[in-house]
Amino acid sequence: MADIAELTALIEPEVKALGFELVRIKLFGSGDEYTLQIMAENPKTKQLVIEDCATISRRISDVMDEVDPIEEAYRLEVSSPGIDRPLTRLHDFLEWAGHEAKIAATELVEGRKSFRGILDGVDGEDILFTDAKAGAVSIPFALVGEAKLLLTDRLISATMPLSSDGADEFETEE
């Protein structure tokens, strides 16, 4: 299986050249069913529209065909991180401060590996977090295995869609 650090070094400059930011690269699957998932965002909107996904996909597909860093057959998937997005970069924890999140640490932090609560920001390389059960905790970013925002009304309000063009219109009876 290909090395994620090598794939990131190959893909991230291409994504940046198109004016987007890389959120995450993930290669998963088994046998002959692998998927290379690339999550990216427009730095201004924190989202991607379908045309952005297509643009990134074409660019990455060309690079991957040329370099061929993955021996196995795979499907390329380019997407926006979505509303309950993964938190993969230190600045994500600062940017989404005040929102609910779930964090899984790779090692014990104050006797726990699993946290659920409110992001309070960052202090240096540490994530400041108020866990629903443990209270205030400081989690070293280096120990974050997985983290993601939790879907709440506050998050929905903070991530209104870019456009409602193309959405179905409904009429209600009064």
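One can find the structure itself at the top, above this paragraph.
How each quantity is defined
Residues numbered from 1 in each chain as written. Predicted model: local features only at pLDDT ≥ 70, side-chain atom pairs only at ≥ 80, totals over all residues. Heavy atoms only, no water. Helix = DSSP H or I, 4+ residues; strand = E, 2+ residues; numbered from the N terminus. Buried < 20%, exposed > 50% of the residue type's maximum accessible area, 1.4 Å probe, protein only. Phe/Tyr/Trp six-rings, centres within 6.5 Å; stacked < 30°, edge-to-face > 60°. Lys NZ or Arg CZ within 6 Å of the ring centre and 35° of its normal. Core = buried A, V, L, I, M, F, W, Y, C linked by side-chain atoms within 4.5 Å. Contact = heavy atoms within 4.5 Å. Pairing = 2+ DSSP bridges. 1 Å grid on protein atoms, 1.4 Å probe; cavity = no way out; pocket = protein on both sides within 12 Å on 5 of 7 lines; lining within 4 Å. Points joined across faces, edges and corners; volume = space filled by probe spheres on them. Nonpolar A, V, L, I, M, F, W, Y, C, P; charged D, E, K, R; others polar. Axes fitted to C-alpha atoms, helices over the stretch in contact; angles between N-to-C directions. Left-handed = near helix turned anticlockwise from the far one by under 90°. Salt bridge = Lys/Arg side-chain N within 4 Å of Asp/Glu carboxyl O.

(A) Spatial organisation of unusual backbone geometry. Its identity as a non-glycine residue notwithstanding, K46 has a phi of 65 degrees, on the positive side. Counting through the fold element by element, K46 comes out in the loop between β2 (33-41) and α2 (50-67). Unusually for a residue other than glycine, D68 sits at a positive phi of about 50 degrees. By the element assignment, D68 lies in the loop between α2 and β3 (74-79). For D68, a relative accessible area of 54% corresponds to the exposed category.

(B) Looking closely at the packing of aromatic side chains. The final tally for this structure, using the stated rule, is 1 aromatic pair. A ring pair is formed by F93 and F141, whose centres lie 6.0 Å apart and whose planes are at 75 degrees; its orientation type is edge-to-face. Linking F93 in helix α3 (residues 90-95) with F141 in the loop between β7 (135-140) and β8 (144-149), this pair joins segments that are 48 residues apart in sequence. Here F141 falls in the partly exposed class, since its relative accessible area comes to 23%. Over the ring of F28 we find K26; its NZ or CZ atom is 5.9 Å from the centre of that ring.

(C) Representation of the nonpolar core. Counting residues in hydrophobic clusters, the biggest one holds 20 residues, and the most contacted among them are L7, I11, V15, L36, I56 and M64. For this core, the secondary-structure elements that each account for two or more residues are α1 (4-17), β1 (21-30), β2 and α2. Setting aside residues up to four positions removed in sequence, M64 forms contacts with L7, L10, I11, L36, P69, I70 and Y74. Within the second largest apolar cluster, 19 residues are counted, among which are L90, W96, V137 and L143.

(D) Spatial organisation of the pairing of strand β4 (residues 100-109). Relative to strand β5 (residues 112-123), β4 runs antiparallel, the two sharing 6 bridges. Directly across from K102, in β5, lies its bridge partner R116. Between β4 and the antiparallel strand that follows it, β5, lie 2 residues; E110 among them carries a positive phi value of about 50 degrees. Across 5 bridges, the pairing between β4 and β8 is antiparallel. Among the inter-strand pairings, A101 is bridged to a residue of β8, identified as L149.

(E) Seen up close, the layout of surface pockets. Empty space within the largest pocket amounts to approximately 350 Å³. Elements represented by at least two residues in the lining of the largest pocket include exactly β1, β4 and β8. Among the residues making up the lining of the largest pocket, the classes are represented as 10 nonpolar, 3 polar and 6 charged.

(F) Broad picture of the packing of α1 against α2. The contact between α1 and α2 brings their axes to 10 Å, and the two run at 140 degrees. The handedness of the crossing between α1 and α2 is right-handed. Each of L7, L10, I11, E14, V15 and A17 in α1 lies in contact with α2, whose residues at this interface are I56, R59, I60, V63, M64 and V67. Across the contact of α1 with α2, the residue classes tally to 10 nonpolar, no polar and 2 charged.

(G) Region of the structure containing the environment of F20. Topologically, F20 is positioned in the loop between α1 and β1. Counting along the chain gives 23 residues from F20 to P43, while the straight-line C-alpha distance between them is 6.3 Å. Apart from the residues lying within four places of it in its own chain, the contact partners of F20 are V15, E41, N42, P43, L48, D52 and I56.

(H) Representation of the pattern of salt bridges within the structure. Following the criterion strictly, the structure yields 10 salt bridges and no others. Taking the shortest distance from any N to any O, the salt bridge between E14 and R59 comes out at 2.7 Å. Of this pair, E14 sits in helix α1 while R59 sits in helix α2, placing them 45 residues apart in sequence. Residue class for R59 comes out partly exposed when judged on its relative accessible area of 30%. K148 serves as the salt-bridge partner of D84, at 3.4 Å between the closest nitrogen and oxygen. On the criterion of sequence distance, the pair formed by D84 in the loop between β3 and α3 and K148 in strand β8 is long-range, its members being 64 residues apart. In this structure K148 comes out as partly exposed when scored by relative accessible area, which is 31%. By sharing partners, the salt bridges in this structure join E21, E41, K46, R85, R89, D92 and E95 into a single network.

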